[in-house]
Structures are given as C-alpha cells and as structure tokens.
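# Chains, contacts and geometry: an overview
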There are 2 protein chains.
Amino acid sequence: MGRTYLAGTGLTRFGKFADASLASLGRSAALEAVRDAGIEPQQVQMIACGSARSGILQNHESGVGQRIGWEIGIEGVPVYNEKAYCASGAVAFNLANICVASGEHDVALVVGVEKMSGRDGKGRPLTSDGVMLESEVGFTPPAYYAMAAQRHMSTYGTTRRQIAGVAVKNRRAAHSNTKAQYREPISIDEVLSAPQVAGPLGLLDCCPTGDGASAAVIVSAEGAQRLGISPTIEITASVIGSGLYCHEQRDLTSFALDKSVSLRAYERAGVAPHDIDVAEVHDSFSIAEIIHYEDLGFCQAGMGGSLIDSGATALGGQIPVNAGGGLLNRGHPLGATGVAQIAELADQLRGRSGDRQVAGARLGLAHISGGFMGLDFATSGVTILEARQSG
Amino acid sequence: MGRTYLAGTGLTRFGKFADASLASLGRSAALEAVRDAGIEPQQVQMIACGSARSGILQNHESGVGQRIGWEIGIEGVPVYNEKAYCASGAVAFNLANICVASGEHDVALVVGVEKMSGRDGKGRPLTSDGVMLESEVGFTPPAYYAMAAQRHMSTYGTTRRQIAGVAVKNRRAAHSNTKAQYREPISIDEVLSAPQVAGPLGLLDCCPTGDGASAAVIVSAEGAQRLGISPTIEITASVIGSGLYCHEQRDLTSFALDKSVSLRAYERAGVAPHDIDVAEVHDSFSIAEIIHYEDLGFCQAGMGGSLIDSGATALGGQIPVNAGGGLLNRGHPLGATGVAQIAELADQLRGRSGDRQVAGARLGLAHISGGFMGLDFATSGVTILEARQSG
C-alpha cells in the first residue's frame, strides 16, 4: 500500500436550506474540493459518496454519488455510495483511501452529503435505521446519551457543569466559523437552564441536524506528480470498524469499538494520543465528547470531566478538540459530518483557520461514531492526517 | 495488487417470502458462503454488502451489512454498505476484491440482499431512485426497454420472435434451478400471447422482483494459505463504472458504459469475448440480453437476434448465457442479483451445476447494468472468473 495525500477539501455552510437538493449541496462541496486540489473534475478516477439516509428522507437511495459526479462532469468512473449511519462520510473516505493506496486509482473524490430538512418521507423518525422498535418505546440517541451521562456522573463523579462545559467550549470555538449553524457564545448557566431533552441533557447539549455537504480529494504520490500538484497533508491512517459498541462490556461510559479502532489508527500512523495537535471528535451530545476523550486516549478513563476543566481541549490548550465548533454548533447532517471533520482538520494543518487556528498544528485526528450506540451494529472511524513540507 | 480468489459462495432461493427479513435472508447466504469456503465467520476481516433499496422499501438504510455480520458472529471489522441500483451487489464484490487485492484485508465476505415483497414504504414505486418525475409520467424501465426493442427491430431487423427466444431459452435453462422462481417451460407462442406490459414486451419478457440473498468469500493467496484452504477460482477482473448510458450516443440499441467497462475487464483478465465459456448477463428484460450480447462483444452490433437463433447462447452452444435461467426466471431482488450471478458462475467453474453444467467451463463472465438506462447516473459491472487447478 502506497502513501496517500489529501489534496483538497470543500465544505458548504451547514443549516436548513429549503431549496437545496442532495445534488446541489454535493456538487458545491465537490467542486470546491476539486478546485482546492488544483485539478479538473475530469481528472477524478473514482467517487466515494457517504449519505446515511438519502433514501428514507429524500427518496433517493442508490445514485447519489453518480448524480453528483454527473452534474460536475465526471463520467464513466467507479462510484461507491456508502451507508453507515453518522459514519457514512468517514467510511467513504476510508474506502477511497484504500483504493488510492492500493494503486487501483490515483485520484479519488470523496463526498459526504445529507439533507434532513424538508424531507420527503414525512413522519418518518430521524433515529437510526433498523431500531424502530427501540425508538418507538423512547430509546432514542438522546435517551441513550442521557443514561451514559448519568452513569459517567455516578461512576466517576463527573459533574453536570463539566458536561455543560463541552457545549460552552465548542460554541466559543464556533464563533469564527462561518459554516456553523450556531455561533453566539453561551454560558454554563444557559446550558444548564435550557429546556431538558433527556435528563441531565438539555437542548444545548444536543447537536442540531441540518443540510450540508463536504468533500475531499485524495491522491497518490504518482497521482500528484502526474497532476503537477504538491499536496502537503499525508493521510497516515484511515481505519474503520463495525460491530460491538457497549454490548459486551455492559458499560455505558465507554465504547469498545472506538478504543479498538483508534488503537489501530495510532499504530498505523506510528503516533500516540499525546502527539495529536488538533482533533475533531464526534460531539453529537456534550457527554459524548467527554467519553470520546477517554476512549481515544486523550486522558484516562473517568478523567474526561477534569480534562474539560483544565482547558486542555479548548483553543490554546494542549490538544484543542472541535476547534471549529464540532457537531454541536456546525450541525450534523449525518453523511456530511465525517468529511466535514477532515475539511476542518485540513484547514488547521494548512494554517488556514484564521481566528481558530491552532498554532503549529502538524498532526490532526478525526473521530466519528456511527450507528445507535446501545446496539451492536455500528461503525467507528478514525483518520489521522499529518502536515508535510511537500507531498 | 495481488491475485484474489473466490473461496466460497452462498445463495438463497429467490421468491416472495413474507416472513423473511433482510437479516434472515442475508445471514443464510452469508453462512452458506463461509461454510462453502471452509472457514469460520470470525475469520472474515471485512464485509461489503450490496442492497439497493433497503431504506426506501424496508426502512433499514444504513446498517444492513453490520446487522448481517453481527447475526453470524463477525464483530469489529470494517463494513461497507453499497447502493448502486441493480448493480449494488456487483459494486460490493468489486470493492471487496480491491480491498483483498491491495493487501488491506486477506478475507472478505460479500453479501447481496434485497427484500421487495411486503415492503414498508407502501405506495412507493419500485422504479429507480431519483427519477421520480420520469416515472410519474410513465418512463419506467419496461417502457425504456420497450423503446429499445422497437429501435433494435427497426434498425437491425431483429424480430419479435428472436426477442421472445431469450425468454424461452432462459426458462428452459431454469428448469433444473431450484433457486429460481419460474421453472416450467414456455413456448415462443406463450411469450407472444402473454399480457402486454409495454409494446412489444409482454409479461414473460420482464423479470420478476422478489426477495433473496447471495454471498461470496474472497481471499488473497496469503489468506488462503493462512486459512489452510485451496480455492480453485481466480478473480481475474472485477471492473465497475458509473455514468453515461445512452445519453451521448443518442442510440437506444447499445449502452456505451457496458462496452467500456467490459473492454477494461477483458484487458485486465487478458482474455477476449470468444474465450468466455459461460456468462451471466443482466436479462432484466428479454431485449436487454440481446443488446448486452452485442455490447459485451459476443457478436457484432445488430447480430444479437441471429445469435439467439443460432443456439450459441443456449446450453450446449458456443457460449451459454444465463445457464441458470437469468433474472427472467431466478427473479431480480436488486442488491442480490450481482452476487447471485457470481454464485451461479462459481458452480459452473467447479462442475457443480448438475443438469445445467456447461461442459469444461473454465472462464466465466458476469455482467450487470444498474440504474435507469435512459438517464446518466448508472453503474455497470463486469466480473471475470477463471478456474485454476489450485489456488
């Protein structure tokens, strides 16, 4: 397997765009990524597209990537459409990375896209697929994370204020992010007094949905040379895994799959958690970010609350997490999120993040958890990117 | 890229199974494939699952492969869920083949599954995704193929009886296939007098839908050695492409994408059309098989009708096509078909096809066309398998 490079990224604003379609969102991000890479659409050799619920929500299940490719003039190439819950974009990225690393293709376009507003399947719930019975009786993602929060507080003494601290930190980070849905600063007290969703979690502890798209161009060294481009970010690890979440360990405070996938990613990239300069972590709920700190090895089990208190994961800290505001503020159009994290990291590693730039960022990590954590069919993804002098 | 081998296959009966779920169908085929390969489920290192409309029809869009893997005891591995219309299974096979050829994984399980009866999304049309407007005004797949038939008859003098001959040949071939939905022989006159669907095509010119699943195990040479198995079928080409169908050439009698994908597959396998001993071809409609003969190079453009008349594509002929009855008689549960073709070919290449065995079959080709041919976002897949003395 050869080395692979991130040559360009694209990202739409996230929000509720009544007039946008999957194709219009996807093509905007895709064109931006292609231009950012300095190539033409016709030079793309394959497309991988992640979109978790385009079928159920938009009645367009099979041909999303084909449609986007066709609209920007890419024809005749292999197109893969990935469906893996919230991790769909990360799976598409992983697949494209394998295809480029293997030499099967030199230039891959990855697109993540989702349209969750104005959905066609009226009345259909937004909760994860295939768990309809559980959803009907109230076991929705917010309920699951609420129980995880209760358990984390009970087992480790994590406080409600620490959990709220994630929401406050990420909102502060989102302030300069014009792609984010929510940017006005909030206080701990505002988080605590927001309408309750599932105790102890309130409205400001939960990410919004939305519409949006993201894209990335992956090239091999041969591809870069042939195209005459010099990408500066190497993809040193892209690992996904599906299966067990918390079933076996019977513990709500940790996700075994995140641990095993991140360990494989660290090993593949030859780095350790403390080497990471900036991270995008799946903060679908505030408590999730605390749990992920621990599973990703940013701190010991049970110390996630203290890590928030220490300021280490805020801008200016040891390892800024979600420096663009995370899912909590950017919003979480399912399939778009995994590649949006990569785009955010790429800006950091190229020193393009403006007010939210992490000084000297060289190693970036993106983490996503897809599927309904309480059940056994889910997907985790961890990507590690490293800034190089030149590809 | 290393060599890859087909180590085992599995196939359920196709039909309308009210009590079956996606998971129950998929796990049956998957377990059969794993056992056929002589391995344990826990030795599988990745899963690729093709299912075109599980979301729209069964309200289960993202986690089909994860669910099937979990139910047979495969945990923690990467799972890819592929959505590419009728070609979904072929795309999953292609992706798994790349992952194994690249050395990323040694042992991959491919599953194709679809449940089209008892669908959850009541009232939703079965026509291809994203082309709802065209469907509403009557431009459905049967209508498209009816126009293609009219054009083929007008341009090349192909007769209605030749087109009907495909249905008669494939029904005769299905007679010994216990997995097929339709097995009673039919006559040319019965095809001609069947209720008309879209002139000139009648009911017996159109494949039925249905429920079903198929599976395959792909291994590398290293994987086979480590597992202590000796697969005898090499995968010498697996090529997919998406994009243009007939838009550019403005010709209903040929699919440019099938031509380009099959040319790449022949080149990769180092063989020519006349080398193929047995083929599975996407006969969603009788006329389609005639068009595909020409696009795949089994005969010259316009000569598909004569090829049927010659008997060359019947059992005992020069290149038997759809020796198991094809989509017309097995049925076409979208995502299951691509891998079902591979399973049928594998039986032929291992001399396990009983009454429908093609004597001395060594080289097999599977072809699938996915998407709505009249539009520009579609997928073609061609796989070439070669029997070896030992893997």
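Note that the structure is predicted; figures quoted are calculated from it, not measured.

Regarding its fold elements, chain A presents 14 helices and 11 strands. Its C-alpha atoms give chain A a radius of gyration of 19 Å, within 12% of the compact-globule value 21 Å for 391 residues. Restricting the contact set of chain A to residue pairs at least 6 apart, pairs at least 24 apart contribute 78%. Per element, the accessible surface of chain A, about 12,500 Å² overall, is 49% carbon and sulfur. For chain A, the distance from the average position of its 31 positive side-chain charges to the average position of its 39 negative side-chain charges is 3 Å.

As a further point, take the interface of chain B and chain A. Residue-level contacts link 51 residues of chain B with 51 residues of chain A. Roughly 4,300 Å² of surface becomes buried between chain B and chain A when both sides are summed, with 50% attributable to carbon and sulfur atoms. In this structure, the salt-bridge partner of B:Lys83 is A:Glu61, at a minimum N-O distance of 2.5 Å. Residue contributions to the side of chain B that touches chain A peak at six residues, all from helix H4 (residues 88–101) of chain B.

On to unusual backbone geometry, then. Residues and elements named next belong to chain A. The step from glycine 199 to proline 200 runs through a cis peptide bond, and the omega angle for that step is 5 degrees. One can find proline 200 in the loop between strand S5 (196–198) and strand S6 (201–202). Phi is positive for asparagine 322, close to 55 degrees, though the residue is something other than glycine. Checked against the element boundaries, asparagine 322 lands in the loop between helix H12 (304–310) and helix H13 (326–330).

Across soluble globular proteins, nonpolar side chains have a tendency to be buried as a group. A:Leu6 and B:Leu6 are the most contacted members of the largest nonpolar core, which totals 64 residues. With residues up to four places along the chain from it excluded, the contact list for A:Leu6 reads A:Phe93, A:Ala216, A:Val217, A:Pro231, A:Ile233, A:Ile235, A:Ile342, A:Ala346 and A:Leu385.

Residues and elements named next belong to chain A. As a packed pair, helix H1 (residues 22–37) and helix H3 (residues 64–71) sit with axes 9 Å apart at the nearest point and diverge in direction by 60 degrees. In terms of orientation, H1 and H3 fall into the oblique class. Our pair here, H1 against H3, has a crossing hand that is right-handed. The segment H1 lies against H3, with Leu22, Ala23, Gly26, Arg27 and Ala30 engaging Val64, Arg67, Ile68 and Glu71. Here the contact of H1 with H3 is built from residues that sort into five nonpolar, one polar and three charged.

A separate point is the side chain of B:His105. Residues and elements named next belong to chain B. Tracing the backbone through its elements, the reader meets histidine 105 in the loop between H4 and strand S4 (107–115). With a relative accessible area of 9%, histidine 105 lands in the buried category. Discounting residues that sit within four places of it in the chain, histidine 105 has contacts with Gln45, Met46, Pro78, Cys99 and Val100.

Now for the pairing of strand S3 (residues 79–82) of chain B. Residue and element names in this part refer to chain B. Here S3 shows no split at all, with Val79 and Asn81 on one side and Tyr80 and Glu82 on the other all buried. As paired strands, strand S2 (residues 46–50) and S3 are joined by four bridges and run parallel to one another. Paired with alanine 48 across the strands is tyrosine 80, a residue of S3.

Let's shift gears to the relation of the copies chain B and chain A. Think of it as a corkscrew move, a rotation about one axis and a shift along it, taking one chain copy to the other. Mapping chain B onto chain A calls for a screw motion: a turn of 180 degrees about the axis and a shift of 0.0 Å along it, with 0.0 Å RMSD after fitting. Both chain copies can therefore be described as sitting about a two-fold axis. Both copies contact each other with a shared surface, as 100% of the interface residues of chain B are interface residues in chain A too.

What follows is about the environment of B:Arg183. Residue and element names in this part refer to chain B. Position of arginine 183 relative to the elements: it lies in the loop between helix H7 (160–174) and helix H8 (188–193). Residue classification places arginine 183 among the partly exposed residues on the basis of a relative accessible area of 32%. For the pair arginine 183 and asparagine 170, spaced 13 residues apart in the sequence, the C-alpha separation amounts to 9.4 Å. Those residues in contact with arginine 183, other than ones at most four positions away along the chain, are Arg171, Ala174, His175, Ser176, Asn177 and Thr178. Within polar-contact distance, the side chain of arginine 183 engages the backbone oxygen of asparagine 177 at 3.3 Å.

This part covers the packing of aromatic side chains. All names here are of chain B. Evaluated as defined, the whole model comprises eight aromatic pairs over all chains. A ring pair is formed by tyrosine 145 and phenylalanine 255, whose centres lie 6.3 Å apart and whose planes are at 75 degrees; its orientation type is edge-to-face. One end of the pair, tyrosine 145, is in helix H6 (residues 141–156); the other, phenylalanine 255, is in the loop between strand S8 (233–242) and helix H10 (256–269), and 110 residues separate them in sequence. Its relative accessible area of 3% is what places tyrosine 145 among the buried residues. According to the relative accessible area criterion, phenylalanine 255 is buried, its value standing at 0%.

Looking now at the pattern of salt bridges. All names here are of chain A. The final tally for this structure, using the stated rule, is 34 salt bridges over all chains. The partner of glutamate 234 in a salt bridge is arginine 388, and the shortest N-O contact between them spans 2.6 Å. On the criterion of sequence distance, the pair formed by glutamate 234 in strand S8 (residues 233–242) and arginine 388 in the segment after strand S11 (378–387) is long-range, its members being 154 residues apart. Connected through shared salt-bridge partners, Arg3, Glu234, Arg362, Glu386 and Arg388 make up one network.

Residue and element names in this part refer to chain B. Within the element layout of this structure, arginine 250 appears in the loop between S8 and H10. A relative accessible area of 72% places arginine 250 in the exposed class. Taking C-alpha positions, arginine 250 is 33 Å from glycine 317, a pair spaced 67 residues apart along the chain.

Before going further, it helps to spend a moment on the state of the cysteines. As used in these notes, a disulfide is a covalent bond between sulfur atoms, one from each of two cysteines. Using the criterion set out here, one finds zero disulfides over all chains in the structure. As a non-bridged cysteine, A:Cys99 has B:Cys99 as the owner of its nearest cysteine sulfur, 6.4 Å distant. Take B:Cys206: it sits in no disulfide, and the sulfur closest to it among the cysteines is that of B:Cys207, at 7.6 Å.

A few words on helix H4 (residues 88–101) of chain A. Note on helix geometry: an α-helix contains 3.6 residues per turn, so any two residues three or four positions apart are oriented the same way. Residue and element names in this part refer to chain A. End to end, H4 covers 20 Å across 14 residues, agreeing with the expected 20 Å (1.5 Å per residue, within 8%). For H4, a buried count of 14 out of 14 residues is recorded, marking the element as mostly surrounded by other parts of the structure. Of the residues trailing H4, glycine 103 is marked for its positive phi of about 90 degrees.

Attention now goes to the pairing of strand S10 (residues 363–371) of chain A. All names here are of chain A. Where burial is concerned, most of S10 is hidden: nine out of the nine residues are buried. Bridge count for strand S9 (residues 278–280) against S10 is three bridges, and the pairing is parallel. Bridge pairing in S10 places valine 278 opposite glycine 364. With nine bridges connecting them, S10 and S11 associate as antiparallel partners.

Conventions and cut-offs
Note on numbering: residues in each chain are counted from 1, in written sequence order. Labels follow written order: the first chain is A, the first ligand is 1, and so on. Where local features are concerned, this predicted model is filtered to residues with pLDDT of at least 70; where side-chain atom pairs are given and counted, the filter is 80 or more; whole-chain, interface and lining totals use all residues. With hydrogens and water excluded, all non-hydrogen atoms of the structure serve as input to the side-chain values. Numbering of helices and strands runs from the N terminus; a helix is a DSSP stretch of H or I covering at least four residues, while a strand is a stretch of E covering at least two. Radius of gyration means the value over C-alpha atoms here, while the globule rule gives 2.2 Å times the residue count to the 0.38 power. It only takes one pair of heavy atoms within 4.5 Å for two residues to be counted as in contact. Surface accessibility in these figures is a Shrake-Rupley result with a 1.4 Å probe; residues are shielded only by whichever protein chains are displayed. Two residue types count as positive, namely Lys and Arg, and two as negative, namely Asp and Glu; His and chain ends fall outside the count. All charge positions are set by atom: Lys at NZ, Arg at CZ, Asp at CG, Glu at CD. Once two parts are joined, some of their accessible surface, as seen by a 1.4 Å probe, is lost; buried area is that loss totalled over both. Whenever a carboxyl oxygen of Asp or Glu lies within 4 Å of a side-chain nitrogen of Lys or Arg, that contact is scored as a salt bridge. The definition of a nonpolar core used throughout is a set of buried Ala, Val, Leu, Ile, Met, Phe, Trp, Tyr and Cys residues joined through side-chain atoms within 4.5 Å. For each residue, the accessible area found with a 1.4 Å probe, counting protein chains only, is set against the maximum for its type, and the residue is called buried under 20%, exposed over 50%, and partly exposed in between. All axes are obtained by fitting lines to C-alpha atoms, using only the stretch in contact for helices, and the reported angles, taken between N-to-C directions, cover 0 to 180 degrees. In this scheme, roughly parallel covers angles under 35 degrees and roughly antiparallel covers those over 145, while 65 to 115 is roughly perpendicular and the rest are oblique. By definition, turning the near helix anticlockwise from the far helix through less than a right angle yields a left-handed crossing, and turning it clockwise yields a right-handed one. Charged residues are taken to be Asp, Glu, Lys and Arg, nonpolar residues to be Ala, Val, Leu, Ile, Met, Phe, Trp, Tyr, Cys and Pro, and polar residues to be all remaining types, Gly included. Pairing between two strands is assigned when DSSP locates at least 2 bridges connecting them. Here the copies are superposed with least squares, the fitted atoms being C-alpha atoms of residues at a pLDDT of at least 70 in both. Whenever two N or O atoms come within 3.5 Å, that pair is a polar contact, provided that in protein one can donate a hydrogen and the other can accept it, and provided that, for residues adjacent in sequence, both atoms are side-chain atoms. In this scheme Phe, Tyr and Trp rings, the latter by its six-membered ring, pair at centre separations within 6.5 Å, and the angle between planes marks the pair as stacked below 30 degrees, edge-to-face above 60, and tilted otherwise. Any pair of cysteine sulfurs within 2.5 Å is marked as a disulfide. Helix span, as expected, comes to 1.5 Å for every residue beyond the first.

Remember that the coordinates give geometry; whether it matters functionally is a separate question.
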